[in-house]
Amino acid sequence: MRPAAEVSIVVPCYNERANVRPLVAALSHALTGREWEVIFVDDSSPDGTIDEVRALAERDGRVRGLLRVGRRGLSSAVIEGVLSSSARIVAVMDGDMQHDESCLGRMIDAVACDGYDIAVGSRHVAGGDNAGLANGWRTFLSDSGIRLVQMTLPVRLGDPMSGFFAMRRDLFARTVPRLSGTGFKILLDVFLSAPRRPRVLEVPFVFRPRAAGESKLDILVLVQFVAMLADKLCRGFLPTRFVAFSLVGLVGILVNLAVLEVGRRFGADFTTGQWLGTLVAMVTNFWMNNALTYRDRRLRGARMWLGLGLFMVICSAGAIADVGIARAIFSRDGQWGLAGAAGAAIAVVWNYAVSSTLIWRVR
């Protein structure tokens, strides 16, 4: 019988089939002499990532695959992977070969032997480097995010945006009820949610260029990041999904105002401009919410079009209130911008409640 694993390495993945075997081979070399397992948590990758994992698992008992159906998201994938482990220590790393597996030994020893709660693979301490970021835009986003979150962290940390870390599983289990489970920065979520201030060691590593596949970082993921931060700053009083929905609603307000201004310049009366702005904003909000706020319940194909129709029909009640309130404010002070913004904002809470219960409900 194979001895119990000392450490479980959780690898959230989506479309990483080409990296599965190289990653397992690299782990086998880096963790020689240790008892370990790797848990690939796959969000139903269309490239057959889970098939590659299962084929490898048939010959290597250290490899496990966890397939998630109808759910997406790095943080929630990590949570499910860690909770499926019984090892005393859990490590998290990406499946794209950009994290240096040779650092795992030092990270594991820091937690197992040196009394640290969490060991973080860091690009921003002496000896670390983030040269593997795809371009200057990603470097700017990463550096900006680090500066932003360092103002809110309970501990001093050079690389709070790292996705490469090891920690005690019992601490993670106690932290899980407080995690938002959204977005892609699970380490940040852990630090902001831990029941006590953890003792942390940063281990330098060089962030390597991606070996295969494509980066998953996009603007929608960044909005999720902002929503998670807002949720933590609100201490959980506002659901993360509502925060994200509200951010999308803010975009809708801007779209509404832009259309309203175009209508004004082309000679449309206020009511016509406000109705047109409302309709365009509703379509924009539906698309963004489907892609972002309810990413794990995303509607596709015919269901998406049906969802759009239902969204517009149900939210027309909010639109009526929107236009009515906007007209009242406009008739009082004649300010197009203030009237349009106030009317659009009124519908946010109503739209959120309707959307969650009727359109993107759990199936």
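For the structure, check the block above.
Novice: Sorry, what's going on with the side chain of N290 here?
Specialist: In this fold, N290 is placed in helix α10 (residues 270-293). Given a relative accessible area of 5%, N290 falls into the buried group. A distance of 2.8 Å separates a polar atom in the side chain of N290 from the backbone nitrogen of L299. Beyond its immediate sequence surroundings of up to four residues, N290 is in contact with R295, R298, L299, M304 and W360.

Novice: Please clarify how the sheet that holds strand β5 (residues 118-122) should be interpreted in this entry.
Specialist: Each strand in a sheet pairs with its neighbour through backbone hydrogen bonds, running either in the same direction (parallel) or in the opposite one (antiparallel). Taken together, the seven strands give an open sheet; going across it, the order is β3-β2-β1-β4-β6-β5-β7, and neighbouring strands pair in mixed fashion. Edge strands, defined here as strands with exactly one partner in the open sheet, are β3 (63-67) and β7 (200-204). Ignoring which end each strand starts from, the neighbouring axes of this sheet average 20° apart.

Novice: Honestly, the pairing of strand β1 (residues 7-13) in this entry has me stumped. Any pointers?
Specialist: Successive side chains on a regular strand alternate, one facing one side of the sheet and the next facing the other. Of all seven residues that make up β1, seven are buried, and the element is covered over most of its length. Burial of β1 is two-sided: the residues V7, I9, V11 and C13 facing one way and the residues S8, V10 and P12 facing the other way are all buried. Summarising the sheet, β1 and strand β2 (residues 36-42) pair through seven bridges and their orientation is parallel. Residue pairing in the sheet places V7 in a bridge with W36 of β2. Note that the unit made of β1, helix α1 (residues 17-30) and β2 has a crossover that is right-handed. Alignment of β1 against strand β4 (residues 89-92), held across four bridges, turns out to be parallel. Considered in β4, the bridge of S8 is made with V90.

Novice: Can you walk me through the packing of α10 against helix α11 (residues 301-314) in this structure?
Specialist: A pair of packed helices is characterised by two quantities: the angle between their axes and the separation of those axes. Packing of α10 against α11 leaves a shortest axis separation of 10 Å and a crossing angle of 135°. Judged by the angle between their axes, α10 and α11 are oblique. Relative to α11, α10 is oriented so that their crossing is right-handed. Counted together, L279, M282, V283, N285, F286 and N290 of α10 and M304, G307, L308, F311 and M312 of α11 form the full contact between these two elements. A class-by-class count of the residues in the contact of α10 with α11 yields eight nonpolar, three polar and no charged.

Novice: How should helix α4 (residues 104-112) be read in this particular structure?
Specialist: Because each turn of an α-helix spans 3.6 residues, side chains separated by three or four positions in sequence point in the same direction. Listed in full, the buried residues belonging to α4 are L104, G105, M107, I108, A110 and V111. Buried positions along α4 lie against β1, α1, β4, β5, β6 (165-168) and β7.

Novice: Looking at this model, I keep getting lost on the nonpolar core. Mind explaining?
Specialist: Across soluble globular proteins, nonpolar side chains show a tendency to be buried alongside one another. Ranked by size, the top nonpolar core spans 35 residues in total, and within it I9, L27, V38, F40, M93 and L104 carry the most contacts. Elements that contribute at least two residues to this core include exactly β1, α1, β2, α2 (49-57), β4, α4 and β7. Not counting residues up to four positions away in its chain, the partners in contact with V38 are I9, V11, V24, L27, R62, V63 and R64. Within the second largest apolar cluster, 23 residues are counted, among which are I39, V82, L171 and L179.

Novice: Quick question: what am I supposed to make of the packing of α1 against α2 here?
Specialist: One can describe the packing of α1 onto α2 by two numbers: an axis separation of 8 Å at closest approach and a directional angle of 30°. Here α2 runs roughly parallel to α1, going by the angle between their axes. Relative to α2, α1 is oriented so that their crossing is right-handed. For the pair α1 and α2, contact is made by R17, V20, R21 and V24 and by T49, D51, E52, V53, A55 and L56, respectively. Within the contact of α1 with α2, the residues separate by chemical class into five nonpolar, one polar and four charged.

Novice: Please clarify how the packing of aromatic side chains should be interpreted in this entry.
Specialist: Aromatic ring pairs are defined here through the distance separating the ring centres and the angle between the ring planes. Within the structure shown, the criterion is met by six aromatic pairs. Consider the rings of F164 and F205, whose centres lie 5.2 Å apart with planes at 80°: the pair is edge-to-face. Linking F164 in the loop between α5 (136-150) and β6 with F205 in the loop between β7 and α8 (219-233), this pair joins segments that are 41 residues apart in sequence. Here the two residues F164 and F205 agree in accessibility, since each one is buried. Through a chain of ring-to-ring contacts, the aromatic side chains of F286, Y294, F311 and W360 assemble into a single cluster. Between R123 and the ring centre of F207, over which it is positioned, the NZ or CZ distance is 5.5 Å. The ring of Y116 carries the charged tip of R199 above its face, separated from the ring centre by 4.3 Å.

Parameters and conventions
- Residues numbered from 1 in each chain as written.
- Predicted model: local features only at pLDDT ≥ 70, side-chain atom pairs only at ≥ 80, totals over all residues.
- Heavy atoms only, no water.
- Helix = DSSP H or I, 4+ residues; strand = E, 2+ residues; numbered from the N terminus.
- Buried < 20%, exposed > 50% of the residue type's maximum accessible area, 1.4 Å probe, protein only.
- Polar contact = N/O pair within 3.5 Å; in protein donor to acceptor, adjacent residues only side chain to side chain.
- Contact = heavy atoms within 4.5 Å.
- Pairing = 2+ DSSP bridges.
- Axes fitted to C-alpha atoms, helices over the stretch in contact; angles between N-to-C directions.
- Right-handed = clockwise from strand over helix to strand, strands pointing away.
- Parallel < 35°, antiparallel > 145°, perpendicular 65-115°, else oblique.
- Left-handed = near helix turned anticlockwise from the far one by under 90°.
- Nonpolar A, V, L, I, M, F, W, Y, C, P; charged D, E, K, R; others polar.
- Core = buried A, V, L, I, M, F, W, Y, C linked by side-chain atoms within 4.5 Å.
- Phe/Tyr/Trp six-rings, centres within 6.5 Å; stacked < 30°, edge-to-face > 60°.
- Lys NZ or Arg CZ within 6 Å of the ring centre and 35° of its normal.

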